[in-house]
Amino acid sequence: MPSKPSVDFKECLKDSPVFRSSLDSAEQDIEHLEAKLERLVKVCNIMIETGKTFKKASSDFIVGVRDLASYFKTDDLLNNCLSKFAHEMTEMLKYFTILLDQANRSVCQNIQKLIKTDIKKVKDSRKDFEKISDDLDSALNRNSNVPRTKVQECEEAKNILTSKRSGFAHASLDYVFQINVLHSKKRFDVLETMLSFMHAHSTYFHQGHDLFNEFDPEMKSITGQVDELREKAKQERREMEERHTLVQKKDLSQITSSIHGENGVIEGYLFKKTSKGFKSWVRSSNTRQLVRRWFAIQNNQLIYKKRSGSHNALSIMEEDLRLCTVKPAYDTERRFCFEVLSPTRSHLLQADSDEDCKMWITEITSGISRAFKDAENQELKQEEDDPSPQENKTDETELPTTPKLSKAQIRLQQLFSIPGNDHCCDCGSKDPRWASLNLGITLCIECSGIHRSFGVHLSKVRSITLDAWEPEQLKVMAELGNDIINRIFEKNVDETIATRATAECKRSIRESWIKAKYVQKAFVMKLPGPKTTAGKKIRGWSVKKKLRRSPEKVTGDQSDNDLDVTSGLMEGKNNSKAVMSVSTNNVLNDSDSGIGASATDVIVFGTDLELPDLGRSISIESSDESDTGLDEGEDSQSTTSWEDMSKLDPNMLLYKAAQARNLTVMLEALANGADPNWVNEEEEGRTPLMKAVETGSDKASNILC
């Protein structure tokens, strides 16, 4: 049934009190309607914003479900089910997004249009009506006040009144028209708006219903799988309870045997000694309880690692079992001990029982035999593949297994063979392609840019594959390496000063780390004072001389892998090792030192901070043979002259290290603040560079230039 006009057109021409009363009533109704509509728009906007918050939280929840699915990536059932759940929730979230959009368009936009268009027209017409009504009242007053005697004024007042009455009639009719139009339009506009919003809801729920109707068989299947998993878990729990019963019936010594063999790898726990002394066994620094190491025989090597820590952080006790022998140890107070002997050192190990001790001796003996057999089999295989040495020599360059490499590739392989060089020295990124020539390290492109920004006085950066290299520069790299430099510059790392750089860190973190490490030298261990950590007075110091050896006399790594290597500074538990190597060769005596020091009163710099001799694996093309051949009168433990501890400072240490051609100690002296241009007044004003030139060491000269 059509609604009646709220204001009668006939009454508006009379401008009667009835017209004015109905007009006031209509205006109040419009104001009330406008307030209701504005409130509806406001709460609709709040609803939409709340929906967006819900959408964001739901989206985060879906991301969390996907992350949980990635945790179960090895479990196909859980990974697939969680991924499907995340997919279904994502689809529902898309439908919800459409619902929010429909709410904005159907409610907010339509109601705003009704307010800003139709109600605004009524308000504009009202202003025109009120203005013309005031003008009509003024014309009536003027017409009534004109004297009868003034004919001309009476005529003018009459004409104005006639004009104003005509304007009032038209304005009032327009105003009433706008009121009545709004009165009739508001009904279907509001209904149409809400109907559109309800249609949007209906579509949303229909889409969700259809989506889950399709997913319902999958959900029923997953429900069955959940029941199966629950039953399987109950069964496994019952089986585990049965296992505990079996454990109680068995001999505990059989269960806790410290030796296990699988796939040719023999492994288990043993106690080992430290390098500090024959009476000191490995102990925890916190609880002072004995701590075992996990030993293994694999690849013809005897290796060990800590129970906790990185899975790959292992140490090699003996690199080649063919050079070793094993025997029971009867001259120690501890039980179940045996010795592993090699040409350079002896290792005393302890098993958990006498049976385990015998088993370890048997297995190591078998490992030694296998090592010899493997070497023989490898030689036989090489002879079968290459029966004619002369022919092999002729066709060596044409073998498909040894493709021809460029100089840059060969240089890269050579540098990567140095310990630690296959990762960036500062952030640990794999396969670095840049190097610092004066530091002897390899760098990734990000860290190399920061090194370059600090200037060549700190780091001389060069590309490994793109730039040309001098033989002397490769010699420096071969004698140093990332492992040695980090044992110097990262000895006492304090991450409160700078956060450690990683491969994925920001440039600001990387720059702060490199600046603290090389510019501020914040993590370098300072030179020792006149006393050791045990309070014993140190009377002298010296630098281990880097000997010049011919290639045929290189015997490989002479360092003790069983040592706890700290730095070039030999103090604490490493002090005994440094002194022992010196005193054995009678280098130190009263006439040599001039200070009356015994072998237990001195420090040898550079004894433990050595890389394996890579002379045979790194080929250096150079006409300069100053670093080849063994110095006359020098043995394998030569040192520079002994100095009093009062002369130990970074400058003198750098000077003596240059004299000894020991690059590692030179780097440590520079890290402690040594001046490359320092002048030694006691030796006719010589500088470390002059001493390096005098000894004929191009490598030491490259470090100082």
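Please read these numbers as outputs of a predicted model, since none were measured by experiment. (Residues numbered from 1 in each chain as written. Predicted model: local features only at pLDDT ≥ 70, side-chain atom pairs only at ≥ 80, totals over all residues. Heavy atoms only, no water.)

Chemist: In this structure, what is going on with the packing of helix H15 (residues 650–659) against helix H16 (residues 663–671)? I would like to understand it.
Modeler: The description of two helices packed together rests on the angle between their axes and the distance between the axes. At their nearest, the axes of H15 and H16 sit 8 Å apart, and the two run at 165° to each other. By the criterion of interaxial angle, the relationship of H15 to H16 is roughly antiparallel. Considering the relative orientation of H15 and H16, their crossing is left-handed. For the pair H15 and H16, contact is made by Pro650, Leu653, Leu654, Ala657 and Ala658 and by Val665, Met666, Ala669 and Leu670, respectively. Of the residues contributing to the contact of H15 with H16, the split by class is 9 nonpolar, no polar and no charged. (Axes fitted to C-alpha atoms, helices over the stretch in contact; angles between N-to-C directions. Helix = DSSP H or I, 4+ residues; strand = E, 2+ residues; numbered from the N terminus. Parallel < 35°, antiparallel > 145°, perpendicular 65-115°, else oblique. Left-handed = near helix turned anticlockwise from the far one by under 90°. Contact = heavy atoms within 4.5 Å. Nonpolar A, V, L, I, M, F, W, Y, C, P; charged D, E, K, R; others polar.)

Chemist: I'm lost on the packing of aromatic side chains in this one. Help?
Modeler: Ring pairs (aromatic) are described by centroid distance and by the angle formed between their planes. Scanning the entire structure with this criterion turns up 14 aromatic pairs. Seen from their ring centres, Phe129 and Phe168 are 5.5 Å apart, and the 35° between their planes marks the pair as tilted. Of this pair, Phe129 sits in helix H3 (residues 76–145) while Phe168 sits in helix H4 (residues 151–249), and the two are 39 residues apart along the sequence. On the basis of relative accessible area, Phe129 is assigned to the buried category, the value being 2%. (Phe/Tyr/Trp six-rings, centres within 6.5 Å; stacked < 30°, edge-to-face > 60°. Buried < 20%, exposed > 50% of the residue type's maximum accessible area, 1.4 Å probe, protein only.)

Chemist: Got a minute to help me understand a nonpolar patch on the surface in this structure?
Modeler: Together, Leu40, Val43, Ile46 and Met194 make up an exposed nonpolar region whose accessible area comes to about 300 Å². Per-element accounting of the nonpolar patch gives the leading share, 3 residues, to helix H2 (residues 17–71). Within the secondary structure, Val43 is located in helix H2. Owing to a relative accessible area of 36%, Val43 belongs among the partly exposed residues under this scheme. (Patch = residues over 30% accessible without salt bridge, like charges linked within 9 Å, V, L, I, M, F, W, Y side chains within 5 Å. Areas by Shrake-Rupley, 256 points an atom, 1.4 Å probe, with all protein chains shown as cover. Salt bridge = Lys/Arg side-chain N within 4 Å of Asp/Glu carboxyl O.)

Chemist: Where do I start with the side chain of Gln350 in this structure?
Modeler: Relative to the assigned elements, Gln350 resides in strand E8 (residues 346–350). At a separation of 3.0 Å, a polar atom in the side chain of Gln350 contacts the side chain of Arg334. (Polar contact = N/O pair within 3.5 Å; in protein donor to acceptor, adjacent residues only side chain to side chain.)

Chemist: Would you mind showing me how to read helix H11 (residues 482–489) here?
Modeler: Since the α-helix turns once every 3.6 residues, residues separated by three or four places project in the same direction. For H11, the buried fraction is high: 6 of the 8 residues fall into the buried class. Along H11, the residues classified as buried are Asn482, Ile484, Ile485, Asn486, Ile488 and Phe489. Packed against the buried residues of H11 are strand E10 (441–443), helix H10 (471–479), helix H12 (507–519) and H16.

Chemist: Where do I start with the pattern of salt bridges in this structure?
Modeler: Oppositely charged side chains can form a pair if their charged atoms are brought close together. Enumeration according to the criterion identifies 26 salt bridges in this entry. In this structure, Lys56 and Asp60 form a salt bridge, with 2.8 Å as the shortest nitrogen-oxygen distance. Taken together, the positions of Lys56 and Asp60, both in helix H2 and 4 residues apart, correspond to about one turn of that helix. In this structure, Lys517 engages Glu490 in a salt bridge whose closest nitrogen and oxygen atoms are separated by 2.7 Å. Of this pair, Lys517 sits in helix H12 while Glu490 sits in the loop between H11 and H12, and the two are 27 residues apart along the sequence. Like Glu490, Lys517 is buried. Salt bridges linked by common partners bring Asp426, Glu490, Glu495, Arg500 and Lys517 together as one network.

Don't take any of this as a statement about function, it's just geometry.
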